[in-house]
Amino acid sequence: MMATAQRHVPQLKRDFAALRKDFPALQQLVHGKPLAYLDNAASSQSPVAVLDAMAEQQRRNHSNVHRGVHQLSERSTAAFEGAREKVRRFINASSVAEVVFTRGTTESINLVAASFGQGLKSGDEVLITALEHHSNIVPWQLLCERSGARLVVAPILDDGSLDLAAFDALLGARTKIVAVAHVSNALGTVNPVADLIDKAHRVGAVVLVDGAQAVPHTRVDVQALDCDFYAFSGHKMFGPTGTGVLYGKRALLEAMPPYQGGGDMILTVSFERSTYNALPYKFEAGTPNITGVVGLGAAVDYLEGIDFASVAAHEHALLERASQRVLREVEGARLIGTAPNKASVLSFVVDGIHAHDLGTIVDSEGVAIRTGHHCAMPVMERFGVAATARASFAFYNNDDDVDRLIVGLLKAVEIFRG
Amino acid sequence: MDELQELYRQVILDHNRNPRNFGELPDATRVVAGVNPLCGDKMTLYVKLGEGKIQDIRFQGTGCAISVASSSLMTERVKGASVDAALELFDKVHELLTAAHDHEPAPDLDKLAALGGVREYPSRVKCASLGWHALKSAVADEGKSNVTTE
């Protein structure tokens, strides 16, 4: 008992200047200026720990998983399944059977639409919101075309937050699936997902949460949320591209038909009939992205060492600083998305200067932002803009990055307005 | 001149601020919608063809400075030109936008040579070429009504 009391609990890291040094990509010059990387909502950089884990996997352990009896395959399998357990703990799933590896959020959503969606029929409804990324719209449109179900869209308010009254009114006995972003990639709006899930469950609908933009910024507990499905990508949480996760409640996944057929997802195959493997392998046809998943596991380890409460406060301070400075100092600037509950995304337009021109000019100052429709054309339509400029923050960003963004934007104003 | 100044020359900024031949053309014989799926930019090109010539031409839509200026400069240049001359010009501009950067622009490009600044910015080449693809499609025999930069 004494040993337990005296057990060393590692201090969670909150020195963001020190953490920034873990990211080699952030140490470079771009156009002769230090890189200010503010495109984290599109893809985030990886720490050395992730890069090393992937290099080690490729260099020493490369082999296939789940079927070799030789040493390298044993190591690969242990690393791959070890990453699954890390992810399970990270999102507090009750079992590794509920953690399916995919190529990314998009594939996770497509999996649910294709497999769970087979239960939908004419007269059923899929309820989404007006702030969704294309990847949480199009799979449901395709499902509706196939099944005869109807796609219903809950509108958003002028500040970019979800119209909760309209959501409530649209939710009903016909609603079979609710698919909603945890955090909007285009506006930064944080949706009250726990509340939405609770309401959806009361009408018997299942809920898929697109967590791509939430996982890098906040601790997600899928059991506390009580979501039925939760989808996210490795490359937005400091891991590699080509990795993603679909969390699904075990009972739902058990009942769902396979998504793709192939190796790994079967128990037995004959020309008359095949039987399918247990969860989560039933949904993992073919050789997976082993090295990528090992990198994702390393990214989870890295994030587990950081104090997320401090991350939220740090990113919020950056967002506030950037929002205020853009509005105060950049003439003609207007924010798109001003919901009271926002995370890490600053979307804006500047009168008379197209977002692409802003993007090119700030890039000349070493500042990386995203410009365009952010794969959310309906959101752009809703706000009557063709495109926005978007700065998105991660814990490794600092005040200097924000200041540099302002310098770049002022340069654009100078070029365009002389 | 640095690359950025090369991209945003005064003539580009001027045509972006005050695009020429901007608006609808009610008696157009060809209307082509151009889309750049990368950025969601949309433009519509109106062309009135007659006697093998571009009798009149206008465009409207939203886009970045490069895209608007390129379309504006294009309409200014090809208005009144023969279809053959317009197609020949398309080829020269295409070469200008995509050639290696030590390439000398064709001498008769005049103001259009200002578009050459995009060569240092591969992601912006499509912005500069959208209007031109719409033009080619409008005057070519098949007269497709939609073009994209993809």
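Turning our eyes to something else, we now look at the overall build of chain B. A tally of regular secondary structure across chain B gives five helices and four strands. When the elements of chain B are put in sequence order from the N terminus, they spell out α-α-β-β-β-α-α-α-β. For 150 residues, the compact-globule estimate of 2.2 N^0.38 gives 15 Å, and chain B sits close to it at 14 Å. Dimensions of chain B, computed from C-alpha atoms along their principal axes, come out at roughly 45 × 30 × 30 Å. Scored against the burial criterion, the 150 residues of chain B give a buried share of 43%. The long-range share in chain B, meaning contacts at least 24 apart out of those at least 6 apart in sequence, stands at 62%.

Let us look at the overall build of chain A. Per the secondary structure count, chain A includes 15 helices and 17 strands. Counting only C-alpha atoms, chain A reaches 75 × 55 × 50 Å along its principal axes. Burial status across chain A gives 52% buried among its 418 residues. Here the contacts in chain A between residues at least 6 apart in sequence split such that 71% fall between residues at least 24 apart.

To continue, consider the packing of helix α3 (residues 65-78) of chain B against helix α5 (residues 125-139) of chain B. Axes are the key here: two packed helices are described by the angle between their axes and the distance separating the axes. Residue and element names in this part refer to chain B. Relative to each other, α3 and α5 sit at 40°, their axes nearing to 6 Å. By the angle between their axes, α3 is oblique relative to α5. For the crossing formed where α3 meets α5, the hand is right-handed. Between α3 and α5, the contacting residues are Ile 66, Ser 67, Ser 70, Ser 71, Met 74 and Val 78 on the first element and Cys 127, Ala 128, Leu 130, Gly 131, Trp 132 and Leu 135 on the second. Here the residues of the contact of α3 with α5 are counted per class, giving eight nonpolar, four polar and no charged.

We now examine the environment of Glu104(B). All names here are of chain B. With respect to the secondary-structure elements, Glu 104 resides in the loop between α4 (83-98) and α5. Residue classification places Glu 104 among the exposed residues on the basis of 9 C-beta atoms within 10 Å. C-alpha of Glu 104 to C-alpha of Gln 55: the two residues are 49 residues apart in sequence and 31 Å apart in space.

Taken together, the contact pairs 15 residues of chain B with 14 residues of chain A. Here the side of chain B that touches chain A is composed, by residue class, of ten nonpolar, three polar and two charged.

Let us now look at the nonpolar core. Grouped together as the largest cluster of nonpolar side chains are 125 residues, with contacts concentrated most on Val207(A) and Tyr230(A). Of the residues that make up this core, three or more belong to each of domain 1 (12-42 + 307-417) and domain 2 (51-304) of chain A. For Val207(A), the residues in contact, after removing those within four places along its chain, are Val178(A), Leu196(A), Ile197(A), Ala200(A), Cys227(A) and Asp228(A). Counting residues in each nonpolar core, the second largest holds 38 residues, with Tyr46(B), Ile57(B), Met74(B) and Ala138(B) among its members.

The subject of this paragraph is the packing of helix α5 (residues 105-115) of chain A against helix α6 (residues 138-147) of chain A. All names here are of chain A. At a closest axis distance of 9 Å, the pairing of α5 and α6 adopts a crossing angle of 15°. Comparing the axis directions of α5 and α6 gives the class roughly parallel. Relative to α6, α5 is oriented so that their crossing is right-handed. Only Pro 139, Trp 140, Leu 142 and Leu 143 of α6 make contact with α5, whose side of the interface consists of Ile 109, Asn 110 and Ala 113. Here the contact of α5 with α6 is built from residues that sort into six nonpolar, one polar and no charged.

All names here are of chain A. Across the sheet, which stays open at both edges, the seven strands sit in the order β4-β10-β9-β8-β7-β5-β6 with mixed pairing between neighbours. Two strands close off the open sheet at either side, each with one partner strand: β4 (99-102) and β6 (150-154). Between one strand and the next, the sheet's axes are offset by a mean angle of 20°, whatever the strand orientation. Examined bridge by bridge, strand β7 (residues 175-181) and strand β8 (residues 206-210) share five bridges and lie parallel to one another. Looking at β8, one finds that Ala 181 is bridged to Asp 210. Here helix α8 (residues 193-202) sits on the sheet in contact with β7 and β8, set at roughly 175° to β7.

Once that is clear, we can look at α3(B). In this model, α3(B) (14 residues) spans 20 Å end to end at C-alpha, consistent with the 20 Å of a helix rising 1.5 Å per residue. Counted residue by residue, α3(B) has twelve buried out of 14 residues, so it is predominantly covered. Buried residues along α3(B) sit against α13 (355-363) of chain A together with α2 (10-17), β2 (41-50), β3 (53-62), α4 and α5 of chain B.

Next up on the list: the domain arrangement of chain A. All names here are of chain A. Per the domain assignment, the segments making up chain A are domain 1 (12-42 + 307-417) and domain 2 (51-304). Domain 1 and domain 2 are separated by 28 Å when their C-alpha centres are compared. Tallying the contact residues gives 23 residues for domain 1 and 20 residues for domain 2. No other element matches helix α12 (residues 308-329), which puts four residues into the side of domain 1 that touches domain 2. Class assignment of the residues belonging to the side of domain 1 that touches domain 2 gives a composition of 14 nonpolar, six polar and three charged.

Further remarks concern unusual backbone geometry. Note on backbone geometry: most residues besides glycine have negative phi, and most peptide bonds are trans. Note that the residue after Leu279(A), namely Pro280(A), is joined by a cis bond; omega there is -5°. On the secondary structure map, Pro280(A) appears in the loop between β12 (274-276) and α11 (290-304). Look at His374(A): it is not a glycine, yet its phi comes out positive at around 55°. Secondary-structure assignment places His374(A) in the loop between β16 (370-372) and α14 (377-382). Its identity is not glycine, yet Glu51(B) carries a phi of approximately 55°, on the positive side. Structurally, Glu51(B) can be placed in the loop between β2 and β3.

The next thing to look at is the pairing of β4(A). Residue and element names in this part refer to chain A. In β4, alternate side chains face the same way, and those of Val 99 and Phe 101 on one face and Val 100 and Thr 102 on the other are all buried. When β4 meets strand β10 (residues 244-248), the two strands line up antiparallel, connected through four bridges. Along β10, the bridge assignment pairs Phe 101 with Val 245.

Residue and element names in this part refer to chain B. Relative to the assigned elements, Asn 36 resides in strand β1 (residues 30-36). Here Asn 36 falls in the buried class, since 23 other C-beta atoms lie within 10 Å of it. Taking C-alpha positions, Asn 36 is 8.7 Å from Val 147, a pair spaced 111 residues apart along the chain.

Conventions used here
Residues numbered from 1 in each chain as written. Chains lettered and ligands numbered in written order. Predicted model: local features only at pLDDT ≥ 70, side-chain atom pairs only at ≥ 80, totals over all residues. Helix = DSSP H or I, 4+ residues; strand = E, 2+ residues; numbered from the N terminus. Rg over C-alpha atoms; globule rule 2.2 N^0.38 Å. Buried ≥ 20, exposed ≤ 12 C-beta atoms within 10 Å, placed from the backbone. Contact = placed C-beta atoms within 7 Å. Axes fitted to C-alpha atoms, helices over the stretch in contact; angles between N-to-C directions. Parallel < 35°, antiparallel > 145°, perpendicular 65-115°, else oblique. Left-handed = near helix turned anticlockwise from the far one by under 90°. Nonpolar A, V, L, I, M, F, W, Y, C, P; charged D, E, K, R; others polar. Core = buried A, V, L, I, M, F, W, Y, C linked by C-beta atoms within 7 Å. Domains from an automatic or database assignment. Pairing = 2+ DSSP bridges. Expected span 1.5 Å × (residues − 1).

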